[in-house]
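# Structural overview for review
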Amino acid sequence: MDFGRILEVDLSAGKISEREVKEEVAKKFFGGSGLAAKILYDEADLSLDPFDRKNPLIFMAGLLTGCGIPGTVKLSVCSKSPLTGVWGESTVGGHWPPEFRFTGYSGIIITGKADAPVYLWITESGAEIRSAEEIWGLDTFQADERLKGQTDEKARVAAIGPAGEKLARIASIVFDGRNARNAGRCGVGAVMGSKNLKAIVVRGKKVPEVADKEGLKAALKEDVPVIMKYAEAFGKFGTAGGVEVVEHLGDLPIKNWQLGSWTEGAKKVAGQAMQPKYLEKHYHCLGCPIGCGKIYKVEELGLHGHAPEYETIAGFGPMCLNEDPLPLIEANELCNRFGLDTISTSSCIAFAMEAHEKGLLSKEDIGFELKWGDGKAAVAIIHQIAKQEKAGKLLAHGVLRAAKELGPKATEFAIHTKGLEYAFHDPRAHVSMACNYATAPRGGDHLAALSYLLDRGIPLSDLGYTTPPDPHTSDGKAKITYDMQNFIGVFNPLGLCVFYYMGGRIGPKLIAKWINLVTGWDLNMDEVMKASERIFNLKRMYNARLGLSRKDDVLPSRLANLARPDGTAAGVLPDMNKMLSEYYELRGWGERGIPTEEKMKELGLEAEARLCK
Ligand code: SF4
């Protein structure tokens with residue numbers, strides 16, 4: 001199999017070189033965030049400030065990205081996070097990642113800082129550094145159009161907006177222009193901005209070689225109809241279709257995680273309510289038959305682009321008590337244009353609403369009243385965050401930093417772990433998620449486990465999960481977290497969309513079969529899961545080298561100590577001490593939460609262990 005080549009771009013020196021991906025390394029770490037973790041762990045100086053010009057920013061396609069299997073469309077962007085100061089990664093799909101893989105490259109390691117704004121233009125013939133002085137300051141949709149004009153109308157663009165240029169620590173990278181696929185989390189857009197790198201534009205046609213082309217074709221003929229039997233319903237409304245179910249389960253965060261139910265509001269902002277009014281068409285990542293994305297055309301606002309998905313709806317809807325779909329859709333569009341992570345941005349706005357209510361952030365600080373439920377005020381704050389004006393100066397760098405500025409009372413309602421704002425699934429409704437949020441390498445990250453899906457009745461029979469567990473007990477949840485982190489951790493390094501589990505119910509046995517058909521290897525399910533465990537531990541060791549341990553595996557006090565007052569999850573609190581102790585035992589970590597030497601040896605990480613002393 002062709003593993004692709006990796007570009008090494010030094011923007012300070014204006015130099016570009018290449019390196020190969022060794023098969024033995026790919027077999028241990030796959031690609032995506034796995035291979036990026038290996039490179040950053042071995043080669044980066046972890047003591048550097050994330051904005052130091054020497055801090056590397058890595059774009060890495062998954063091992064299977066672009067190989068023709070539906071859903072293999074993902075790429076990870078990894079770096080030391082400027083938001084959290086620890087392991088940072090963000091994964092994106094759409095059309096850019098496979099198009100990049102079709103250039104013959106699988107990764108880009110970017111170091112240095114250009115003297116003036118630049119963009120990278122990458123084709124099968126190589127890479128060029130070009131001036132971006134004319135497009136610096138444009139939003140991501142404008143940059144997309146302009147850069148296609150300068151390169152190829154069929155090219156694909158990944159760009160930062162004004163937020164990334166101004167080093168907002170919650171800045172994202174927006175891929176595919178108006179279709180707005182985001183590498184949103186951990187402030188990777190700000191790392192790109194710190195390098196004066198406005199965009200990466202790609203155009204390629206060379207599909208990666210597959211070891212057993214006929215075998216793969218025959219397998220997909222059988223596998224895809226089974227996946228689609230389950231995924232069809234999910235494809236209809238995408239993640240936005242889950243808002244009411246999530247509310248019913250007590251999983252929806254309401255008023256900055258303070259309330260227990262919001263039934264009428266959920267009906268108004270659910271995909272089922274918005275889609276009939278605004279849907280122009282369904283959006284499919286390259287070659288994906290599910291098509292869970294939606295493109296909206298909203299005449300009232302003059303907007304045309306990717307519709308808000310579940311996380312964005314939860315953030316600008318119930319988190320802010322906003323029941324009006326129009327400002328919610330506008331907030332989504334603005335975040336995409338400015339290059340802002342919608343989860344962190346909406347969390348910061350809900351935090352600001354509470355700070356304003358409690359008298360910690362005045363009308364003068366903001367410039368207007370910022371009341372719960374005022375969607376238009378939330379939209380106005382997004383402009384402030386992008387420009388870093390008024391309250392936006394404070395909020396552009398996440399809730400942890402904002403709370404430190406506002407004083408100890410504000411830290412009580414800053415909802416984050418390790419500095420990363422929580423995704424919008426409540427660990428009091430799905431207790432296994434508490435164990436996951438506390439231990440996920442990048443912080444408040446739902447995608448590290450997605451274990452609430454088991455509670456919702458999505459089985460994982462390869463691992464013995466055939467009936468839904470009790471979502472509210474802490475018993476047995478360490479094991480579920482361990483299993484689900486190892487299973488879900490397989491997806492990003494392979495470049496495979498996790499919705500193929502959520503919507504399509506695929507498991508590790510099928511994934512192992514696909515890997516073998518593409519690579520010619522002979523891995524079984526346990527070896528695939530072991531690779532994921534190895535990658536998870538490597539990220540844990542990356543954080544351990546930065547001084548993180550059990551003391552950092554904590555929930556924010558509101559979620560650890562205050563139960564939801566009503567609704568399905570009323571009265572539930574996770575037993576963190578019990579879960580963490582059981583979890584460390586299963587992981588083979590010591591009491592402080594550091595992988596033991598024995599564990600590292602078992603995972604084939606002896607060489608890496610030496611750097612973790
Ligand atoms: S399921 Fe949705 S996010 Fe995943 S590849 Fe298909 S269209 Fe893209």
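First, a word on scope: everything that follows refers to the structure included in this document.

Calculation rules
Residues numbered from 1 in each chain as written. Predicted model: local features only at pLDDT ≥ 70, side-chain atom pairs only at ≥ 80, totals over all residues. Heavy atoms only, no water. Phe/Tyr/Trp six-rings, centres within 6.5 Å; stacked < 30°, edge-to-face > 60°. Helix = DSSP H or I, 4+ residues; strand = E, 2+ residues; numbered from the N terminus. Buried < 20%, exposed > 50% of the residue type's maximum accessible area, 1.4 Å probe, protein only. Lys NZ or Arg CZ within 6 Å of the ring centre and 35° of its normal. Near = heavy atom within 4 Å. Nonpolar A, V, L, I, M, F, W, Y, C, P; charged D, E, K, R; others polar. Core = buried A, V, L, I, M, F, W, Y, C linked by side-chain atoms within 4.5 Å. Contact = heavy atoms within 4.5 Å. Pairing = 2+ DSSP bridges. Axes fitted to C-alpha atoms, helices over the stretch in contact; angles between N-to-C directions.

Following the criterion strictly, the structure yields 18 aromatic pairs and no others. Centre to centre, the rings of Trp-87 and Tyr-542 are 5.2 Å apart; their planes meet at 80°, and the pair counts as edge-to-face. With Trp-87 in strand β5 (residues 87-92) and Tyr-542 in helix α25 (residues 525-545), this pair connects stretches of sequence that are 455 residues apart. Assigned by exposure class, Trp-87 and Tyr-542 land together as buried. On the numbers, 5.5 Å between centres and 85° between planes, the contact of Tyr-583 with Trp-589 is edge-to-face. A residue is classified by how much of its surface remains accessible, and Tyr-583, at 0% relative accessible area, is buried. An aromatic cluster of at least three residues, connected via ring pairs, comprises Phe-59, Trp-96, Phe-100 and Phe-175. The cationic tip of Arg-545 hangs over the ring face of Tyr-41; the distance from NZ or CZ to the ring centre is 4.5 Å.

This part covers the site of the ligand. Neighbouring the ligand are Val-73, Cys-285, Cys-288, Ile-290, Gly-291, Cys-292, Cys-497 and Phe-499. In terms of residue class, the shell around the ligand is made up of 7 nonpolar, 1 polar and no charged.

In this structure, Phe-351, Tyr-501 and Ile-515 are the most contacted members of the largest nonpolar core, which totals 174 residues. When residues in this core are grouped by element, the largest group, 10 residues, is from α25. Setting aside residues no more than four positions away along its own chain, Tyr-501 makes contact with Leu-453, Leu-454, Ile-458, Pro-459, Leu-460, Met-484, Phe-487, Ile-488, Phe-491 and Ile-506. Of all hydrophobic cores here, the second largest spans 29 residues; its members include Val-118, Ile-173, Ala-183 and Val-202.

Turning our attention to the environment of Ile-480. Take Ile-480: it is sitting in helix α21 (residues 477-488). Judged by relative accessible area, Ile-480 falls into the buried class, the value being 6%. The residues touching Ile-480, leaving out its near neighbours within four places in the chain, are Ser-432, Ser-451, Leu-454, Tyr-465 and Pro-469.

Now for the pairing of β5. Burial of β5 is extensive: 5 of the 6 residues sit out of reach of the surface. Across 6 bridges, the pairing between strand β4 (residues 75-80) and β5 is antiparallel. Looking across to β5, one finds that Val-77 is bridged to Ser-90. In this structure, the hairpin formed by β4 and β5 is closed by a connection of 6 residues, where Gly-85 is found at a positive phi of approximately 75°.

Here we come to the sheet that holds strand β7 (residues 118-123). Reading across the sheet, the 6 strands line up as β8-β7-β12-β9-β10-β11 and stay open at both edges, with mixed pairing between neighbours. Each end of this open sheet is capped by a strand with a single partner; those strands are β8 (126-131) and β11 (181-183). Averaged over all neighbouring strand pairs, the angle between strand axes comes to 20°, with direction disregarded. In terms of strand pairing, strand β9 (residues 156-159) meets strand β12 (residues 197-202) through 4 bridges, oriented antiparallel. Paired with Ala-158 across the two strands is Ile-200, which belongs to β12. Across the sheet, helix α4 (residues 140-150) touches β7, β8, β9, β10 (173-175) and β12, and the angle it forms with β9 is around 140°.

Turning our eyes to something else, we now look at the sheet that holds strand β13 (residues 279-283). Sheet architecture is open: 3 strands sit in the order β13-β14-β15, paired in antiparallel fashion. The outermost strands of the open sheet, each flanked by one partner alone, are β13 and β15 (303-306). The mean inter-strand angle of the sheet, taken between neighbouring strand axes irrespective of direction, is 10°. Sheet topology places β13 next to strand β14 (residues 293-298); 4 bridges connect them, and they run antiparallel. By the bridge assignment, Tyr-283 is partnered in β14 with Gly-293. Against the sheet, helix α12 (residues 325-338) contacts β14 and β15, and its axis sits at roughly 70° relative to β15.

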